[in-house]
Amino acid sequence: MAEEMNPLEELLEDELKDLYSAENQLVKALPRMAKAASSPELRRAIERHLEETKRQVERLNAIGESLEIKLTGKKCKGMEGLIEEGKEIMSEDLDDNALDAGLIGAAQKVEHYEIAAYGTARTHASLLGFNKVAKLLQQTLDEEGATDKKLTALAESIINVEAVTS
Ligand code: FE
Ligand code: FE
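Residues numbered from 1 in each chain as written. Chains lettered and ligands numbered in written order. Predicted model: local features only at pLDDT ≥ 70, side-chain atom pairs only at ≥ 80, totals over all residues. Heavy atoms only, no water.

Undergrad: How do you make sense of the pattern of salt bridges when you look at a structure like this?
TA: Any two side chains of opposite charge can pair, on the condition that their charged atoms come close. Inspection of the entire model under this criterion finds six salt bridges. Among the ionic pairs, Asp18 bridges to Lys74, the shortest N-O distance being 3.1 Å. On the criterion of sequence distance, the pair formed by Asp18 in helix α1 (residues 7-36) and Lys74 in the loop between α2 (40-67) and α3 (77-91) is long-range, its members being 56 residues apart. Its relative accessible area of 33% is what places Lys74 among the partly exposed residues. Across the salt bridge formed by Arg59 and Glu143, the nearest N and O atoms sit 3.0 Å from each other. Here Glu143 lies in helix α5 (residues 131-158) and Arg59 lies in helix α2, a separation of 84 residues in the sequence. Neither Arg59 nor Glu143 differs from the other in exposure class; each is buried. (Salt bridge = Lys/Arg side-chain N within 4 Å of Asp/Glu carboxyl O. Helix = DSSP H or I, 4+ residues; strand = E, 2+ residues; numbered from the N terminus. Buried < 20%, exposed > 50% of the residue type's maximum accessible area, 1.4 Å probe, protein only.)

Following this line, the structure appears as structure tokens:
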């Protein structure tokens, strides 16, 4: 980035650092969530999103390089809290079915956080004329949206209401 940054550029830099931290925290947290899932479909969906998340980190690296900024050194507290809540669900004494329902909910909260954060960063990048960056952020935004929809469909197909309510 240019030496004299306008305030929106500074804000975008913070947003990208926050996302970089968020994605890296997720790369560490998702294996544990996948392991906790009892439905094989849910486990596979989480594992697939783990691989996608690693590619999203690479995409952020490319963005950092193109803007000539370092994305390390910030901690995303929002993601930290969401992961903490996911751990709470895993530590509760839930039956398999209810645990899966809770895991899906925790994962969807994560996706919605990412959707908000990527949407904001994309808009700011686009306002600043960083069109290539905006395009890369949109790609990840689309993946997060697709993951969210997949999780809703999974909830509808794998959660057995009778088992939950009996
Ligand atoms: Fe992500
Ligand atoms: Fe995600």
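Here the narrative resumes, following the displayed structure.
Undergrad: Explain the coordination of the iron ion (ligand 2) to me, please; I cannot follow it from the model alone.
TA: When a metal holds four donors in a tetrahedron, each ideal angle between them is 109.5 degrees; when it holds six in an octahedron, the ideal angles are 90 or 180 degrees. Protein coordination of the iron ion (ligand 2) is provided by His49 (NE2), Glu111 (OE), Glu111 (OE), Glu114 (OE) and Glu144 (OE), with donor distances spanning 2.1 to 2.5 Å. Of note, the donors binding the iron ion (ligand 2) are all from one chain and are spaced H-x61-E-x2-E-x29-E. The distance between the iron ion (ligand 2) and the iron ion (ligand 1) comes to 3.2 Å, and Glu114 binds to both of them. Linking His49 in helix α2 with Glu111 in helix α4 (residues 96-127), this pair joins segments that are 62 residues apart in sequence. Each of the two residues, His49 as well as Glu111, counts as buried. (Donors = N, O, S within 2.8 Å, 3.2 Å for Na, K, Ca; no water.)

Undergrad: Even after reading the chapter, I still don't get the coordination of the iron ion (ligand 1), so can you show me in this structure?
TA: Taken together, Glu23 (OE), Glu23 (OE), Gln56 (OE1), Glu114 (OE) and Glu144 (OE) make up the full set of protein donors to the iron ion (ligand 1), lying 2.0 to 2.4 Å away. In primary-sequence terms, the residues that donate to the iron ion (ligand 1) follow E-x32-Q-x57-E-x29-E. With relative accessibility at 0%, the residue Glu114 sits in the buried group.

Undergrad: So what exactly am I meant to see when it comes to the side chain of Glu111 here?
TA: In this structure, Glu111 is buried with no salt-bridge partner, the nearest side chain bearing the opposite charge being Lys150 at 9.5 Å. If we skip the residues at most four places from it in the chain, Glu111 touches His49, Glu144, Thr147, Asp148 and Leu151. (Lys, Arg positive; Asp, Glu negative; His and termini not counted. Contact = heavy atoms within 4.5 Å.)

Undergrad: Teacher, can you tell me more about α2 here?
TA: Every α-helical turn comprises 3.6 residues, leaving residues that sit three or four positions apart pointing alike. The end-to-end C-alpha distance of α2 is 40 Å, a good match for the 40 Å that 28 residues give at a rise of 1.5 Å each. Two or three places before Glu41, at the start of α2, stands the capping residue Ser39, its side-chain oxygen 3.2 Å from that residue's backbone nitrogen. Positive phi appears at Glu68, one or two residues downstream of α2, with a value of about 55°. (Expected span 1.5 Å × (residues − 1). Polar contact = N/O pair within 3.5 Å; in protein donor to acceptor, adjacent residues only side chain to side chain.)

Undergrad: It is not clear to me how the nonpolar core should be interpreted in this structure. Could you clarify?
TA: If you look at soluble globular proteins, the nonpolar side chains tend to sit buried side by side. Within the largest apolar cluster, 26 residues are counted, with the highest numbers of intra-cluster contacts made by Met33, Leu42, Ile46, Met79 and Ile104. Broken down by secondary-structure element, the contributors of at least two residues to this core are α1, α2, α3, α4 and α5. Setting aside its immediate chain neighbours within four residues, Leu42 contacts Ala37, Asp100, Leu103, Ile104, Leu151, Leu154 and Ile158. In terms of nonpolar packing, the next biggest core, distinct from the first, is built from 20 residues, Leu19, Leu67, Ala125 and Leu136 among them. (Core = buried A, V, L, I, M, F, W, Y, C linked by side-chain atoms within 4.5 Å.)

Undergrad: Can you help me understand a positive patch on the surface in this one?
TA: Among the surface-exposed residues, Arg43, Arg44, Arg48 and Lys150 lie close enough to one another that they form a single positively charged patch. No other element matches the three residues that α2 contributes to the positive patch. Looking at the secondary structure, you find Lys150 in helix α5. Residue class for Lys150 comes out partly exposed when judged on its relative accessible area of 47%. (Patch = residues over 30% accessible without salt bridge, like charges linked within 9 Å, V, L, I, M, F, W, Y side chains within 5 Å. Areas by Shrake-Rupley, 256 points an atom, 1.4 Å probe, with all protein chains shown as cover. Charge placed at Lys NZ, Arg CZ, Asp CG, Glu CD.)

Undergrad: Where do I start with the packing of α3 against α4 in this structure?
TA: In a pair of packed helices, the angle between the axes and the distance between the axes together describe the arrangement. Two elements in contact, α3 and α4, have axes separated by 9 Å at closest approach and are oriented at 175°. Comparing the axis directions of α3 and α4 gives the class roughly antiparallel. Where α3 approaches α4, its residues Gly78, Met79, Leu82, Glu85, Gly86, Ile89 and Met90 are matched on the opposing element by Leu99, Gly102, Leu103, Ala106, Lys109, Val110, Tyr113 and Glu114. Taken together, the residues of the contact of α3 with α4 break down into nine nonpolar, three polar and three charged. (Axes fitted to C-alpha atoms, helices over the stretch in contact; angles between N-to-C directions. Parallel < 35°, antiparallel > 145°, perpendicular 65-115°, else oblique. Nonpolar A, V, L, I, M, F, W, Y, C, P; charged D, E, K, R; others polar.)

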